[in-house]
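Below, each chain spelled out in residue letters.
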Amino acid sequence: MASLSIKTSTPHPQTFPKSTNPHFAAVVNLPLRHRRRPAPKIRHATRISASLIDPDGGKLVDLFVNVAEKDTALSKALNLPKIKLSKIDLQWLHVLSEGWASPLKGFMRQSEFLQTLHFNSLRLENGSVVNMSVPIVLAIDDAQKERVGSGSSVALVDQKDDVVAILSNIEIYKHNKEERIARTWGTTAPGLPYVEEAITHAGNWLIGGDLEVINPVKYDDGLDRFRLSPAQLRHEFERRNADAVFAFQLRNPVHNGHALLMTDTRRRLLEMGYKNPVLLLHPLGGYTKADDVPLSWRMKQHEKVLEDGVLDPETTVVSIFPSPMHYAGPTEVQWHAKARINAGANFYIVGRDPAGMSHPIEDRDLYDADHGKKVLSMAPGLERLNILPFKVAAYDKTQSKMAFFDPSRAQDFQFISGTKMRTLAKNKESPPDGFMCPGGWKVLVEYYDSLATSDSAKSPEPVPA
């Protein structure tokens, strides 16, 4: 899901030795990037630094209660009004607790909510500005608001009624859903997946405050070992002596076009003078719409990509980004980029129509395919991040491999859409040689086969994590 606007050669993805123990984590640090240019490119004369980029606000937020204070906090929580979190609420609590949204210290109060909606940024006490483009809020209904009353704190519990956190110094304010939807998605058309899942039927009030997280969020799905926090990722990058970290987010299986983009990025960073650029391969792990491949299957496929040597496990860290997916295009891609700064990344790969989707009621894309990368080059609070826009990769029939598209010989290229890929996998047909590594393709075929043999031909449920 990425495309290049930097002119470069078109190497074939390098094949690396197979690994039976692929590394999983990712991210590094960044220099300054060009801003407010119509076609942003990497700055080749940038200073090479071995230290990781500072998190937004200068310090990574950690909202966990100290171990010595957990019992006291739990006793306090048991005597507070309780708010039950939905699966998506819990994912946002996870995001906040580990510092992905630094310097945010809890669910947004009204001033933070309004700044996010109208400015895509937050102004800090020292006058500096950090990017924040999607609201991270907690909705409650009239009955819950009444139970809270004039209290200053509430306990947050999961679906099993286990206490997860305390929200203190609370503020309750009106949840203007229409304004929120219009400002975030640029439309109020029916059929927006996240809106229908998390906003339409949510309460008419929002409650913000400071989070004290008592128990870290765990999913017990066999994938928690891949859910590295920003602090853990920074430690991993430092352990590997990374002097640049370039992040690649995706919510789809990795094909050789993706691999081409990632390996070519590393080659160009080496040419710029970096000695050890590290790739953060960072699949989104929160809520996704029903027709996306579930996280568990994507992670199996990503492991095969490393095992088959398509990406180098020595210079690749694979980790799960816990955020839910909005499908809000240029607005949301700012959040995706900002969060990677907090994990230590100083380069961010952006492709065609990032975080986009088809219009829910019209036969067209919801967003202009080029607006995401253009917005990132101008977004407030992202000045420190190097944005890497890529040319389109397609299947070169003359070479039987994925390559950067050459418009001068367009007839030699085949674009294999996500729909085409899914159709081939569902029919257990093989794609053209060189499109995806055999192990990765086998996982994809197994996933669609599992759908066909399960309870009928129903679409899978939205993936919560």
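Calculation criteria
- Residues numbered from 1 in each chain as written.
- Predicted model: local features only at pLDDT ≥ 70, side-chain atom pairs only at ≥ 80, totals over all residues.
- Heavy atoms only, no water.
- Helix = DSSP H or I, 4+ residues; strand = E, 2+ residues; numbered from the N terminus.
- Buried < 20%, exposed > 50% of the residue type's maximum accessible area, 1.4 Å probe, protein only.
- Contact = heavy atoms within 4.5 Å.
- Areas by Shrake-Rupley, 256 points an atom, 1.4 Å probe, with all protein chains shown as cover.
- Phe/Tyr/Trp six-rings, centres within 6.5 Å; stacked < 30°, edge-to-face > 60°.
- Lys NZ or Arg CZ within 6 Å of the ring centre and 35° of its normal.
- Pairing = 2+ DSSP bridges.
- Axes fitted to C-alpha atoms, helices over the stretch in contact; angles between N-to-C directions.
- Parallel < 35°, antiparallel > 145°, perpendicular 65-115°, else oblique.
- Nonpolar A, V, L, I, M, F, W, Y, C, P; charged D, E, K, R; others polar.
- 1 Å grid on protein atoms, 1.4 Å probe; cavity = no way out; pocket = protein on both sides within 12 Å on 5 of 7 lines; lining within 4 Å.
- Points joined across faces, edges and corners; volume = space filled by probe spheres on them.
- Salt bridge = Lys/Arg side-chain N within 4 Å of Asp/Glu carboxyl O.
- Core = buried A, V, L, I, M, F, W, Y, C linked by side-chain atoms within 4.5 Å.
- Arc of directions from axis to C-beta.

**Points about the overall build of the protein chain**
Inference 1: Of the regular secondary structure elements, the protein chain holds 13 helices and 15 strands.
Inference 2: The burial tally for the protein chain puts 58% of its 465 residues in the buried class.
Inference 3: The long-range fraction of contacts in the protein chain, counting pairs at least 24 apart against all pairs at least 6 apart in sequence, stands at 79%.
Inference 4: If you sum the accessible surface of the protein chain, you get close to 19700 Å²; carbon and sulfur atoms cover 48% of it.

**Digging into the side chain of D292**
Inference 1: Within the element layout of this structure, D292 appears in the loop between β9 (277-283) and α9 (295-307).
Inference 2: Classification of D292 by relative accessible area gives buried; the value is 5%.
Inference 3: Setting aside anything within four residues of it in sequence, one finds D292 in contact with R251, Y327 and Y447.

**A short note on the packing of aromatic side chains**
Inference 1: For the structure shown, the criterion picks out 11 aromatic pairs.
Inference 2: For the pair W100 and F321, a centre-to-centre distance of 5.3 Å together with 70° between the ring planes defines the contact as edge-to-face. Residue W100 is found in the loop between α2 (87-98) and α3 (110-119), and its partner F321 is found in the loop between β10 (316-318) and α10 (329-342); the two are separated by 221 residues along the sequence.
Inference 3: Here F321 falls in the buried class, since its relative accessible area comes to 0%.
Inference 4: By way of ring pairs, the aromatic residues W92, W100, F321 and W335 are connected into one cluster.
Inference 5: A cation over an aromatic ring shows up here: K300 above the ring of W297, its NZ or CZ 4.1 Å from the ring centre.
Inference 6: Directly above the aromatic system of F321 lies the positively charged group of R340, at a separation of 3.9 Å from the ring centroid.

**Details of the pairing of strand β13 (residues 393-396)**
Inference 1: Direction of pairing for β13 relative to strand β14 (residues 401-404): antiparallel, over a ladder of 4 bridges. Considered in β14, the bridge of A393 is made with F404.
Inference 2: As consecutive antiparallel partners, β13 and β14 are separated by 4 residues, and within that stretch S400 has a phi angle of approximately 55°, a positive value.
Inference 3: By the bridge criterion, 2 bridges tie β13 to strand β15 (residues 413-414) in an arrangement that is antiparallel. Pairing of D396 across the sheet is with F413, part of β15.

**Structural notes on the packing of helix α12 (residues 418-426) against helix α13 (residues 438-453)**
Inference 1: Packing of α12 against α13 leaves a shortest axis separation of 8 Å and a crossing angle of 75°. With respect to each other, α12 and α13 are oriented roughly perpendicular. Two secondary-structure elements touch here, α12 through M421, R422, L424, A425 and K426 and α13 through W441, L444, V445 and Y448.
Inference 2: For the contact of α12 with α13, a count of residues per class yields 7 nonpolar, no polar and 2 charged.

**Considering the layout of surface pockets**
Inference 1: Of the volumes computed, that of the second largest pocket is approximately 530 Å³.
Inference 2: Broken down by secondary-structure element, the contributors of at least two residues to the lining of the second largest pocket are α2 and β6 (163-174).
Inference 3: With 3 residues, α2 is the largest single contributor of residues to the lining of the second largest pocket.
Inference 4: Residue classes in the lining of the second largest pocket are distributed as 9 nonpolar, 4 polar and 7 charged.

**Things to note about the sheet that holds strand β4 (residues 139-140)**
Inference 1: Strands sit in the order β1-β5-β6-β7-β4 across an open sheet of 5 strands; the sheet is mixed. Whereas interior strands pair on both sides, the edge strands pair on one side only; in this sheet they are β1 (82-84) and β4.

**Remarks on unusual backbone geometry**
Peptide bonds are trans in most cases, and residues, glycine excluded, mostly fall at negative phi.
Inference 1: Geometrically, the link from S102 to P103 is a cis peptide bond, its omega value of 10° lying close to zero.
Inference 2: Of note in the backbone geometry, S400 takes a positive phi value of approximately 55° without being a glycine.
Inference 3: With respect to the element layout, S400 can be found in the loop between β13 and β14.
Inference 4: Here S400 falls in the partly exposed class, since its relative accessible area comes to 40%.

**Observations regarding the pattern of salt bridges**
Charged atoms that come close allow side chains of opposite charge to pair.
Inference 1: Inspection of the entire model under this criterion finds 22 salt bridges.
Inference 2: Its salt-bridge partner being R267, residue E271 comes within 2.6 Å of it at the nearest N-O pair. A residue pair is termed a helical-turn pair when its members lie 3 or 4 positions apart in one helix, as E271 and R267 do in helix α8 (residues 256-272) at 4 residues.
Inference 3: Residue E271 is classed as exposed on the basis of its relative accessible area, which comes to 59%.
Inference 4: One salt bridge connects R409 with D396, and the closest N-O pair in it is separated by 2.8 Å. Here R409, found in the loop between β14 and β15, pairs with D396, found in strand β13; they are 13 residues apart in sequence, far enough to count as distant.
Inference 5: On the basis of relative accessibility, which here comes to 0%, the residue D396 falls in the buried class.
Inference 6: Bridged by salt links that share partners, the residues R251, K289, D291 and D292 form one connected network.

**A word on the nonpolar core**
Inference 1: L93, F107, I136, L156, L211 and W335 are the most contacted members of the largest nonpolar core, which has 80 residues in total.
Inference 2: Tallying contributions element by element places α2 first for this core, with 6 residues.
Inference 3: Residues contacting L156, with those up to four places away along its chain left out, are I83, L85, L93, F107, L138, D162, V163, V164, A165, L167 and L211.

**Some thoughts on helix α5 (residues 177-185)**
Given 3.6 residues per turn, any residue in an α-helix points the same way as the ones three and four places further on.
Inference 1: Taken residue by residue, α5 has K177, R180, I181, T184 and W185 as its buried positions. The buried side chains of α5 occupy one side of the element, clustering within an arc of 95° when seen end-on.
Inference 2: Packing partners of the buried residues in α5 comprise α3, α6 (193-199) and α10.
Inference 3: Phi for G186, located one or two positions after α5, is positive at around 75°.

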